[in-house]
Amino acid sequence: MDTSIITDRFDSVTEDALGWIGDNGQGLFDFVSRLLEGSYDGILGLLQLAPPVVIALIAALLGWRLINLAAGILAGVALLFCATMGLWAETMSTLALVATATILALLVGIPLGILAGFAKSLDRVLEPVLDLIQTMPPYIYLLPAIALLGYGPATALIATFIVAMPPAIRLTSLGIRMTPREFIELGHASGLTSWQMFTKIRLPFAIPSIMAGINQSLMMAFGMVVIAGIVGSGGLGETIYGAVRTLDIATSINAAIAIVILTMVLDRLTQSAAHRVKAGAR
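Analysis parameters
- Residues numbered from 1 in each chain as written.
- Predicted model: local features only at pLDDT ≥ 70, side-chain atom pairs only at ≥ 80, totals over all residues.
- Heavy atoms only, no water.
- Helix = DSSP H or I, 4+ residues; strand = E, 2+ residues; numbered from the N terminus.
- Buried < 20%, exposed > 50% of the residue type's maximum accessible area, 1.4 Å probe, protein only.
- Contact = heavy atoms within 4.5 Å.
- Areas by Shrake-Rupley, 256 points an atom, 1.4 Å probe, with all protein chains shown as cover.
- Lys, Arg positive; Asp, Glu negative; His and termini not counted.
- Charge placed at Lys NZ, Arg CZ, Asp CG, Glu CD.
- Phe/Tyr/Trp six-rings, centres within 6.5 Å; stacked < 30°, edge-to-face > 60°.
- Core = buried A, V, L, I, M, F, W, Y, C linked by side-chain atoms within 4.5 Å.
- Axes fitted to C-alpha atoms, helices over the stretch in contact; angles between N-to-C directions.
- Parallel < 35°, antiparallel > 145°, perpendicular 65-115°, else oblique.
- Left-handed = near helix turned anticlockwise from the far one by under 90°.
- Salt bridge = Lys/Arg side-chain N within 4 Å of Asp/Glu carboxyl O.
- 1 Å grid on protein atoms, 1.4 Å probe; cavity = no way out; pocket = protein on both sides within 12 Å on 5 of 7 lines; lining within 4 Å.
- Points joined across faces, edges and corners; volume = space filled by probe spheres on them.
- Nonpolar A, V, L, I, M, F, W, Y, C, P; charged D, E, K, R; others polar.

Asker: Any chance you could explain the overall build of the chain here in plain terms?
Answerer: Across its full length, the chain carries 13 helices and zero strands. Scanning the chain from its N terminus toward the C terminus, one meets helices and strands in the order α-α-α-α-α-α-α-α-α-α-α-α-α. Each principal axis of the C-alpha distribution contributes one length, and for the chain these read about 65 × 65 × 35 Å. Expressed as a percentage of the 282 residues in the chain, the buried residues total 41%. Within the chain, counting contacts between residues at least 6 apart in sequence, those at least 24 apart form 76% of the total. Looking at the chain as shown, the accessible area adds up to about 15,100 Å², and 69% of this sits on carbon and sulfur atoms. Of the side chains in the chain, 15 bear a positive and 18 a negative charge, and the two mean positions are spaced by 19 Å.

Asker: So what exactly am I meant to see when it comes to the side chain of threonine 172 here?
Answerer: Topologically, threonine 172 is positioned in helix α8 (residues 153-177). For threonine 172, a relative accessible area of 1% corresponds to the buried category. Not counting residues within four places of it along the chain, the set of residues in contact with threonine 172 comprises Ile110, Gly113, Ile114 and Ile210.

Asker: Would you explain the packing of aromatic side chains in this entry?
Answerer: Two aromatic rings, taken as a pair, are described by how far apart their centres are and by the angle between their planes. Per the counting criterion, the structure on display carries three aromatic pairs. Taking 6.0 Å as the distance between ring centres and 55° as the angle between the ring planes, the aromatic pair formed by phenylalanine 118 and phenylalanine 198 counts as tilted. Residue phenylalanine 118 is found in helix α5 (residues 88-118), and its partner phenylalanine 198 is found in helix α10 (residues 194-223); the two are separated by 80 residues along the sequence. What links up through ring pairs into an aromatic cluster is the set Phe118, Trp195 and Phe198.

Asker: Just to check I follow, could you spell out unusual backbone geometry for this structure?
Answerer: Where the residue is not glycine, phi is negative for most of them; where a peptide bond is considered, it is trans in most cases. The phi dihedral of leucine 247 falls on the positive side, at around 55°, and the residue is not glycine. One can find leucine 247 in the loop between α12 (235-245) and α13 (249-281). Under the relative-accessibility criterion, leucine 247 is labelled exposed at 71%.

Asker: What is the right way to read α12 from this model?
Answerer: Every α-helix carries 3.6 residues per turn, so stepping three or four residues along brings you back to the same face. Among the residues making up α12, those that are buried are Gly235, Leu236, Gly237, Thr239, Ile240 and Ala243. Looking one or two residues beyond α12, the residue adopting positive phi is leucine 247, at roughly 55°.

Asker: For this particular structure, what's the right way to read the nonpolar core?
Answerer: Proteins that are soluble and globular tend to have nonpolar side chains buried together. Membership of the largest hydrophobic core comes to 58 residues, with the highest contact counts inside it found for Leu79, Met92 and Phe222. Judged by nonpolar contacts, the second largest core, of eight residues, contains Leu106, Ala168, Ile176 and Ala206.

Asker: I'm lost on the packing of α8 against α10 in this one. Help?
Answerer: When two helices pack together, their arrangement is captured by the angle between the axes and the distance separating the axes. Across the interface, α8 lies against α10 with an axial gap of 7 Å and an inter-helix angle of 155°. Considering the angle they form, α8 stands roughly antiparallel to α10. Read as a crossing pair, α8 and α10 show a hand that is right-handed. Only Phe198, Arg202, Ala206, Ser209, Ile210, Ala212, Gly213, Gln216, Ser217, Met220 and Ala221 of α10 make contact with α8, whose side of the interface consists of Thr160, Val163, Ala164, Pro167, Ala168, Leu171, Thr172, Leu174, Gly175 and Ile176.

Asker: Looking at this structure, how should I read the pattern of salt bridges?
Answerer: Two side chains of opposite charge can pair, provided their charged atoms sit close to one another. The tally for this structure, following the rule as stated, stands at four salt bridges. A salt bridge links arginine 170 to glutamate 127, with the shortest nitrogen-to-oxygen separation between them at 2.8 Å. Separated by 43 residues along the polypeptide, arginine 170 in helix α8 and glutamate 127 in helix α6 (residues 120-135) bring together distant segments of the chain. Residue classification places arginine 170 among the partly exposed positions, given a relative accessible area of 22%. The residue aspartate 267 makes a salt bridge to arginine 268 at a minimum N-O spacing of 2.6 Å. The network of salt bridges with shared partners includes Glu127, Asp131 and Arg170.

Asker: Would you take a moment to explain the layout of surface pockets for this structure?
Answerer: Space left empty within the atom packing is revealed by a probe, the size of a water molecule, rolled over the atoms. Its volume calculated, the largest pocket comes out at about 280 Å³. Ile58, Ala59, Leu62, Leu95 and Leu266 are the residues nearest the centre of the largest pocket, which is lined by 13 residues in total. Residue assignment for the lining of the largest pocket shows that the elements contributing at least two residues are α3 (52-66), α5 and α13. Looking at the lining of the largest pocket, the element that brings in the most residues is α3, giving five residues. When its residues are assigned to classes, the lining of the largest pocket shows 13 nonpolar, no polar and no charged.

This is the structure in structure tokens:
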């Protein structure tokens, strides 16, 4: 059979299935869209309550406590620089988008990773699925989301959620499987229940790996920021997308600098938190 015929049939079936899902699940997708946008608006509202100086001061204090005084000062000054460029609102919108998507990814990814860490059969099923998610071009996830949810933050959140979830699943599962056998045998010998075995032995050993997964999920979410601007996500991604369309080089560079600043600040803070947790677990 001609391969073009098979391809045409596959494309036709895919489009028909997507159309059927959209027609019959419109109420569900409207509810999901409202839920996602409500979560995003809530986090954004909290971030907008405080002026830039307060947010920068919080970042500086966290940097001081988690890293050192110089890093704290640098983090605070860097965030204030975003406000100086006139991009504070967009920076907070981006932070809200990344935070919402990452929280959703962790709420799903960590429990699923724990299950995969205990069940090898589930882990074998998840591995190729996660490989597929991580090797597909990220913008691919925007297309079905646009068809089902339309343009806006909800579509950006779904796509970012999909991209940010695999590291949380993989590293959580790895952390659960890394528990030294002698400690498991000690737990059995001590008569611990399954829940006690999990909370007192497996979870403490897994926490450093889980923290690394949180950091990687956060970074993957930031990688979707510019791409998500295509669907009207707001924030720095949409600013860059609009600047590219109008060839406004200065604005695109400023927005790119703001994204780099925000990414680096959060990356260093979460990495330092992970190192502290790892050191405390020893």
